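# Analysis of the macromolecular model
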Amino acid sequence: MPWLIFSKTERERLHPLNVALFLMVMLAVPFLLQNHLWVLVLAHVSFFLSIRQFDIFRYLGLPLLYMGMMLMPLLYGASVDLVGIVTVGVRITAFVTSSQLVFTLVRLEQMGPLFRILPRLTRLTGLVLALVPSLLRTWPEVKMSHPHQSLSVRLERIAKYHLLPIDAVPSRLRPLAPRDYRLSVMLLAAGWLTLTPYAMFGAVLLPLILLCSKGALRDAYDYFNRQRIKRTA
């Protein structure tokens, strides 16, 4: 379902305040949601499978590692709170899937203009916000260009690449448009739902609100309509 993926233009349409709001609410959901965490995890994993991004399974090893370490006392006859360990493990899993979903739908550097309210830190935060995504882009390139080199050599290549000066002071915060207000209200409403008995609905609605804000339903209709025309042609 490629219509679910945000393009660069669609990401830039999101106001930095809405990006920050989405980030805070999404990362808080695993801690606010007391029940049905497994349903949330399954919903997130199903989303990643539908858009064919399988990197999520690499990160799901973290909660398994945690639960394995917490069960180690069983080896020398000690007792453990099995229910508590599994509960915390599921909560960590939900946090991992939520964070990966955030990084899939938005980019953290979009929040750069918000840091202009801190004049002394503006340039520093601009450098950091420019460096982090650059590092994430450079690492796969270095792995492909130096497949047989050691980790130290790869890290040295990345360091040399980033010795170049970076001038990336965040741009000015643009005024809020009517569509930004509507999106903020919807995100706040979904966040408020996570504090009610309908918390599961709020958790599932949060990413859907962001997806629908970019016209996902329209794109889905066009996509499936083209597929239908191809089949009948």
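Everything that follows concerns the structure shown earlier in this document.
Reference entry: report on the structure contained in this document. (Residues numbered from 1 in each chain as written. Predicted model: local features only at pLDDT ≥ 70, side-chain atom pairs only at ≥ 80, totals over all residues. Heavy atoms only, no water.)

### Notes on the overall build of the protein chain
In terms of regular secondary structure, the protein chain is built from 11 helices and 0 strands. Beginning at the N terminus, the succession of helices and strands in the protein chain can be written as α-α-α-α-α-α-α-α-α-α-α. Out of the 233 residues in the protein chain, the part that is buried amounts to 37%. Long-range contacts, defined here as pairs at least 24 residues apart, represent 75% of the contacts in the protein chain between residues at least 6 apart. Accessible surface for the protein chain amounts to roughly 14,900 Å². Of this, 69% is attributable to carbon and sulfur atoms. (Helix = DSSP H or I, 4+ residues; strand = E, 2+ residues; numbered from the N terminus. Buried < 20%, exposed > 50% of the residue type's maximum accessible area, 1.4 Å probe, protein only. Contact = heavy atoms within 4.5 Å. Areas by Shrake-Rupley, 256 points an atom, 1.4 Å probe, with all protein chains shown as cover.)

### Concerning the pattern of salt bridges
The tally for this structure, following the rule as stated, stands at 1 salt bridge. Asp180 is the salt-bridge partner of Arg174, the closest N and O atoms lying 2.9 Å from each other. Asp180 sits in the buried class, given a relative accessible area of 2%. (Salt bridge = Lys/Arg side-chain N within 4 Å of Asp/Glu carboxyl O.)

### Notes on the packing of aromatic side chains
All told, the structure shown has 3 aromatic pairs when counted by the stated rule. Aromatic pair Phe31 and Phe95: ring centres 5.6 Å apart, planes at 55°, arrangement tilted. Note that Phe31 is positioned in helix α2 (residues 16-32) and Phe95 in helix α6 (residues 82-105), a separation of 64 residues in sequence. Classification of Phe31 as partly exposed rests on a relative accessible area of 48%. Its relative accessible area of 32% is what places Phe95 among the partly exposed residues. (Phe/Tyr/Trp six-rings, centres within 6.5 Å; stacked < 30°, edge-to-face > 60°.)

### Things to note about the nonpolar core
Formed by 37 residues in total, the largest nonpolar core has its most connected members in Phe22, Leu40, Leu105, Val106 and Leu206. Looking at this core, the elements with two or more residues in it are α2, α3 (37-50), α6, α9 (178-193) and α10 (199-213). Here Leu40 is in contact with Val29, Leu33, Ala94, Met200 and Ala203, once residues within four sequence places are set aside. (Core = buried A, V, L, I, M, F, W, Y, C linked by side-chain atoms within 4.5 Å.)

### So, the packing of α2 against α9
The N-to-C vectors of α2 and α9 enclose an angle of 10°; their axes lie 10 Å apart at closest approach. Comparing their axes, α9 and α2 come out roughly parallel. Contacts between α2 and α9 involve Asn18, Leu21, Phe22 and Val25 from the first element and Asp180, Leu183, Ser184, Leu187, Leu188 and Gly191 from the second. (Axes fitted to C-alpha atoms, helices over the stretch in contact; angles between N-to-C directions. Parallel < 35°, antiparallel > 145°, perpendicular 65-115°, else oblique.)

### Examining the environment of Phe31
In the structure, Phe31 is positioned 63 residues away from Ala94 in sequence and 9.0 Å away in space, judged by C-alpha atoms. Setting aside chain neighbours within four positions, we find Phe31 in contact with Arg91 and Phe95.

### Side note on the packing of helix α5 (residues 61-70) against α6
Interaxial distance between α5 and α6 falls to 9 Å at its minimum, and their mutual angle equals 160°. Compared by their axis directions, α5 and α6 come out roughly antiparallel. For α5 against α6, the interelement crossing comes out right-handed. Side by side, α5 and α6 meet where Pro63, Tyr66, Met67 and Met70 of the first sit next to Ile85, Val86, Val88, Gly89, Ile92 and Thr93 of the second. For the contact of α5 with α6, the residue count by class is 8 nonpolar, 2 polar and no charged. (Left-handed = near helix turned anticlockwise from the far one by under 90°. Nonpolar A, V, L, I, M, F, W, Y, C, P; charged D, E, K, R; others polar.)

### Describing the side chain of Arg154
Secondary-structure assignment places Arg154 in helix α8 (residues 151-161). On the basis of relative accessibility, which here comes to 15%, the residue Arg154 falls in the buried class. At 3.4 Å, the side chain of Arg154 and the backbone oxygen of Gln149 are in polar contact. Not counting the four nearest positions on each side in its chain, Arg154 is found in contact with Trp139, Val142, Lys143, His146, Pro147, His148 and Gln149. (Polar contact = N/O pair within 3.5 Å; in protein donor to acceptor, adjacent residues only side chain to side chain.)

### Quick look at α3
With 14 residues, α3 ought to run about 20 Å at 1.5 Å a step, and its terminal C-alpha atoms sit 20 Å apart, in line with that. Residues of α3 that are buried: Leu37, Leu40, Val41, His44, Val45, Phe47 and Phe48. All buried residues of α3 fall inside an arc of 155° around its axis, so they share one side. Opposite the buried face of α3, by more than 90 degrees, sit the exposed residues Trp38 and Leu42. At the exit of α3 stands Arg52, carrying a positive phi of roughly 60°. (Expected span 1.5 Å × (residues − 1). Arc of directions from axis to C-beta.)

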